[in-house]
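# Structural characterization, general
Below are the chains, spelled out letter by letter.
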Amino acid sequence: MPIVFEDEKEKLEKLGQKEFREIIFGKLKLYRWIIRGRCPFNDPETGLCKIHEDKPLSCKMFPLNLRIKGSEASIELSFGCSWVKAHPQAVRLDPKKVFPREWKALEEALDRLRRAMS
Ligand code: SF4
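Keep in mind the model is a prediction, meaning the values are calculated, not measured. (Residues numbered from 1 in each chain as written. Predicted model: local features only at pLDDT ≥ 70, side-chain atom pairs only at ≥ 80, totals over all residues. Heavy atoms only, no water.)

### Points about unusual backbone geometry
The amide bond that connects phenylalanine 62 to the next residue, proline 63, takes the cis arrangement and shows omega of 15 degrees. Here proline 63 shows up in the loop between helix H2 (57-61) and strand E4 (64-69). (Helix = DSSP H or I, 4+ residues; strand = E, 2+ residues; numbered from the N terminus.)

Take a look at the structure:
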């Protein structure tokens, strides 16, 4: 269940998504996008994302996950990713090098969080 920013939630709502849970993070409102079962944007034939260009930052950064707990944000590597599951030693590697594109998306999300908090 990815964490999404307000504008990402609005975009998803326009695409028919209705279930979100509000998360207050400092002055910022974030949302947990509730996906029940398979994501509706996952093409069952190809396994690919049908909204690749428009998917939220949380999807772009996967398997790097942003965790929000109260006023604390942290980053974790998701074992929901089959590659990570097959390479558990990845937790000891530099995520910037192993997941350069995903790291970029993560930095964008952290930047947005920092700007919203200042
Ligand atoms: S990457 Fe695409 S298919 Fe996967 S959860 Fe995100 S929106 Fe859904």
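Here the narrative resumes.
### Some thoughts on the pairing of strand E2 (residues 20-25)
Bridge count between E2 and strand E3 (residues 28-33): 6 bridges; the pairing is antiparallel. Bridged to arginine 21 within E3 is arginine 32. (Pairing = 2+ DSSP bridges.)

### Overview of the site of the ligand
Residues in close proximity to the ligand include Trp33, Cys39, Phe41, Asn42, Cys49, Ile51, Lys55 and Cys59, which together make up its full environment. Across the shell around the ligand, the residue classes tally to 6 nonpolar, 1 polar and 1 charged. (Near = heavy atom within 4 Å. Nonpolar A, V, L, I, M, F, W, Y, C, P; charged D, E, K, R; others polar.)

### Concerning helix H5 (residues 100-117)
In a regular helix each residue adds 1.5 Å, so 18 residues correspond to 26 Å; H5 covers 25 Å between its end C-alpha atoms and thus fits that length. Buried within H5 are the following residues: Glu102, Trp103, Ala105, Leu106, Ala109, Leu110 and Leu113. End-on view of H5: buried residues confined to an arc of 160 degrees, all on one side of the axis. Of the exposed residues in H5, the ones pointing more than 90 degrees away from its buried face are Pro100, Arg101, Lys104, Arg114 and Arg115. Next to the buried residues of H5 lie E2, E3, H2, E4, strand E5 (72-77) and helix H4 (95-98). (Expected span 1.5 Å × (residues − 1). Buried < 20%, exposed > 50% of the residue type's maximum accessible area, 1.4 Å probe, protein only. Arc of directions from axis to C-beta. Contact = heavy atoms within 4.5 Å.)

### Thoughts on the packing of aromatic side chains
Considering all chains together, one arrives at 2 aromatic pairs under this definition. Where tryptophan 33 meets phenylalanine 41, the ring centres are 6.1 Å apart and the plane angle is 45 degrees; that geometry is what we call tilted. Phenylalanine 41 shares its class with tryptophan 33; the two are buried. Summarising the aromatic geometry, the rings of tryptophan 83 and phenylalanine 99 are spaced 5.7 Å apart at their centres and angled 85 degrees between planes, so their arrangement reads as edge-to-face. With tryptophan 83 in helix H3 (residues 82-86) and phenylalanine 99 in the loop between H4 and H5, the pair connects residues that are 16 residues apart, well separated along the chain. Given the relative accessible area of 8%, phenylalanine 99 is considered buried. In this arrangement the basic side chain of arginine 112 is found over the ring face of phenylalanine 5, its NZ or CZ atom lying 4.1 Å from the centre. (Phe/Tyr/Trp six-rings, centres within 6.5 Å; stacked < 30°, edge-to-face > 60°. Lys NZ or Arg CZ within 6 Å of the ring centre and 35° of its normal.)

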